[in-house]
Structures are given as structure tokens and as C-alpha cells.
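If you want the building blocks of each chain, they are given just below.
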Amino acid sequence: AVIMAGCNDILWRNASAATTLTHLEALYAACDEAGVPVVALSNTEADLGEFFSGEQLAERTAALREVAAGVLQMRSKRAVADVRAALPLGAQHFDDALHPSPAGSDRIAEAVFQAIKLHGL
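Residues numbered from 1 in each chain as written. Predicted model: local features only at pLDDT ≥ 70, side-chain atom pairs only at ≥ 80, totals over all residues. Heavy atoms only, no water.

A. Representation of helix H3 (residues 54-72). When the terminal C-alpha atoms of H3 are compared, their 28 Å separation across 19 residues agrees well with the 27 Å that a helix rising 1.5 Å per residue should span. Here H3 has its buried residues at Arg60, Ala63, Leu64, Val67, Ala68, Gly70 and Val71. Along H3, the residues classed as buried sweep out an arc of 165° about the axis, all on the same side. Exposed residues pointing more than 90 degrees away from the buried face of H3 are listed as Gly54 and Glu55. (Helix = DSSP H or I, 4+ residues; strand = E, 2+ residues; numbered from the N terminus. Expected span 1.5 Å × (residues − 1). Buried < 20%, exposed > 50% of the residue type's maximum accessible area, 1.4 Å probe, protein only. Arc of directions from axis to C-beta.)

B. Here's a closer look at the packing of aromatic side chains. Evaluation of the coordinates by the stated rule reveals three aromatic pairs. Joined through ring pairs, the aromatic side chains of Trp12, Phe51 and Phe52 make up one cluster. (Phe/Tyr/Trp six-rings, centres within 6.5 Å; stacked < 30°, edge-to-face > 60°.)

C. Structural context of the nonpolar core. In terms of nonpolar packing, the biggest core is built from 22 residues, with Leu24, Tyr28, Val67 and Val71 touching the most fellow members. For this core, the secondary structure elements donating two or more residues are helix H1 (7-13), helix H2 (17-33) and H3. With five residues, the top contributor of residues to this core is H2. Once residues lying within four places of it in the same chain are set aside, the contact partners of Val71 are Ala5, Leu21, Leu24, Tyr28, Ala40, Leu41, Ser42 and Val80. Core analysis: the second largest hydrophobic core is formed by twelve residues, Val39, Ile108, Ala111 and Val112 among them. (Core = buried A, V, L, I, M, F, W, Y, C linked by side-chain atoms within 4.5 Å. Contact = heavy atoms within 4.5 Å.)

D. Summary view of the packing of H2 against H3. Interhelical geometry of H2 versus H3 gives an angle of 35° and a closest axis separation of 9 Å. Here H2 and H3 pass one another in a crossing that is right-handed. Residues Ala17, Thr20, Leu21, Leu24 and Tyr28 of H2 form the contact with H3, whose participating residues are Ala63, Glu66, Val67, Gly70 and Val71. Across the contact of H2 with H3, the residue classes tally to seven nonpolar, two polar and one charged. (Axes fitted to C-alpha atoms, helices over the stretch in contact; angles between N-to-C directions. Left-handed = near helix turned anticlockwise from the far one by under 90°. Nonpolar A, V, L, I, M, F, W, Y, C, P; charged D, E, K, R; others polar.)

E. Here's a closer look at the side chain of Arg84. Structurally, the position occupied by Arg84 is in helix H4 (residues 83-86). Among buried Asp, Glu, Lys and Arg side chains, Arg84 stands out as unpaired, with Glu45 the closest opposite charge at 4.5 Å. For Arg84, the side chain forms a polar contact with the side chain of Asn43, separated by 2.8 Å. (Lys, Arg positive; Asp, Glu negative; His and termini not counted. Salt bridge = Lys/Arg side-chain N within 4 Å of Asp/Glu carboxyl O. Polar contact = N/O pair within 3.5 Å; in protein donor to acceptor, adjacent residues only side chain to side chain.)

F. Broad picture of helix H5 (residues 102-119). Across its 18 residues, H5 extends 26 Å between first and last C-alpha, which sits within 8% of the 26 Å expected from 1.5 Å per residue. All of the buried residues along H5 are Gly104, Ile108, Ala111, Val112 and Ala115. Down the axis of H5, the smallest arc covering the buried residues is 95°, so these residues share one side. Exposed residues on H5 whose side chains face more than 90 degrees from its buried face are Pro102 and Asp106. Looking at the buried residues of H5, the elements they touch are strand S1 (2-4), strand S2 (39-41), strand S3 (79-81) and H4. One or two positions beyond H5, positive phi appears at Gly120, with a value near 65°.

Written as C-alpha cells, this is what we have:
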């Protein structure tokens, strides 16, 4: 399974980073129990100014950053792909403010492939 960190929870459900990380851990644990290997992906950066402003923009941006950092801290326990590092914010990598373009998707796929190789999955 390839699981990208909870952008929708933070952006549209206003979940905290702590809640989002708890939910991600539950997903990973369910996969582990079922014997399904997991590659955990950090979330991407996003141009949230299209959707939010002021305090909401700052809070959601910080929460996304915190979740990405939390996922990266899991490297000692599981395969992790740092999508945030592989996919810098820019028009060539994104179709809109949040979703990757085909070129961006290629970069995500390469990051996942490298994590799979590194962990022998």
C-alpha cells in the first residue's frame, strides 16, 4: 500500500496534525496486521492561498508541514518516501494548487520506487 499523508483531513476537515498522524498510524497498523507492506508518503507542499487566507492559511500550512515531518520521523519503522522534497511547489509539478501534474506524478512514483528498493519490498 502507498499512503500519502492526510491533506484532505487538514484542509477540508480542519483536523489537527496530531489527529491526522494518529489516523495515519491506524491505517499503517491495519496494513501491518493484514501483512500488507506500506510505503508512507509525506504530503506535498500546496499553494493554499487559493483556498484560505490569514490565520486559516497559516494554521493549515503549519499542520501540513507538521504531518510531513511526523511521517518522515517514521523512517526507522517503515518505508517512507519524502514526496515534499521530491516535488517542489511549481507549475511544472502541479495541475492546480494541490494536485500533481503528470510530471509531478512521475516524480512521486520515482520517490516511491526508491523507498521500495531501499527497504526491499
